[in-house]
Amino acid sequence: ARELTERVQVDRAAAVDSAYLVYASERGYEAAMKTVETAALPVPDALVAISGSELYQRGYRSPDPLWDQMLRKEWDPKPSTWVINKFFPNDLAEPGTKKEEYELVFDLKKDASSSAVELRDQVQAKLAELGIKARVSLRGGSEGSLAIMPAAGDIGKVVSFCAKMLKIEDPGSTCVFGHAGFVDSC
């Protein structure tokens, strides 16, 4: 973290817009920014939240409107909710907590018939079988919850979106660091 901070500080002091720093998080904006502050990391130029479902540009507390518009094209949470209620009622339950606009969260029941990983794969397969475009991921490990998000909100697609926005055509000009799943996606 210290080396990244130093590099970004030197880069920002040396030139205007020479580097564009993007952080990605599985969590929402508030939780992700709290982590950045706690770790004393440089303020990002963009923050990707909820695994790619939201993109925040530096200085803005609302999601990027163009990225938001792209996600809305393919996201309807009702079919995914129907799939969970129809095919997985004994394994998953809505937690009753505040919901994010682009994420459905279902808690794994203690007496679920399959492991969290198996349930994630089963839900993803069922959604695909029914032609529902969505991504499914786990939150909080084997006893946590399962999240269903728009298919378009992939981390790699957000990085590509940022590169296009900045007119970066050479993939060699982009460096991605972080969680192995995010890096692989990019």
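Residues numbered from 1 in each chain as written. Predicted model: local features only at pLDDT ≥ 70, side-chain atom pairs only at ≥ 80, totals over all residues. Heavy atoms only, no water.

Asks: Break down the environment of Tyr20 for me, citing the residues and quoting the values.
Replies: Here Tyr20 is to be found in the loop between helix 1 (2-14) and strand 1 (22-24). Spatially, the C-alpha atoms of Tyr20 and Ala46 are 7.8 Å apart, while their sequence positions differ by 26 residues. Excluding residues within four positions of it along the chain, Tyr20 makes contact with Asp45, Ala46, Gln57, Cys162, Met165 and Leu166. (Helix = DSSP H or I, 4+ residues; strand = E, 2+ residues; numbered from the N terminus. Contact = heavy atoms within 4.5 Å.)

Asks: Which residues make up the pairing of strand 7 (residues 145-150), and what are the values?
Replies: Across the six residues that make up strand 7, a large majority, six, are buried. Two strands pair when backbone bridges link them, and strand 5 (residues 104-108) and strand 7 are joined in this way by four bridges, in the antiparallel orientation. Looking at strand 7, one finds that Asp107 is bridged to Ser145. Here strand 6 (residues 134-139) runs beside strand 7; their pairing, made up of six bridges, is antiparallel. Along strand 7, the bridge assignment pairs Ser137 with Ala147. (Buried < 20%, exposed > 50% of the residue type's maximum accessible area, 1.4 Å probe, protein only. Pairing = 2+ DSSP bridges.)

Asks: Give me the sheet that holds strand 3 (residues 54-57): which residues, what numbers.
Replies: Across the sheet, which stays open at both edges, the three strands sit in the order 1-2-3 with mixed pairing between neighbours. Each edge of the open sheet is held by one strand with a lone partner, namely strand 1 and strand 3. If you compare each strand with its neighbour and ignore which way they point, the axes differ by 15° on average. Most of the contacts of helix 6 (residues 155-165) go to strand 3, to which it runs at about 35°, and overall it touches strand 1, strand 2 (46-49) and strand 3. (Axes fitted to C-alpha atoms, helices over the stretch in contact; angles between N-to-C directions.)

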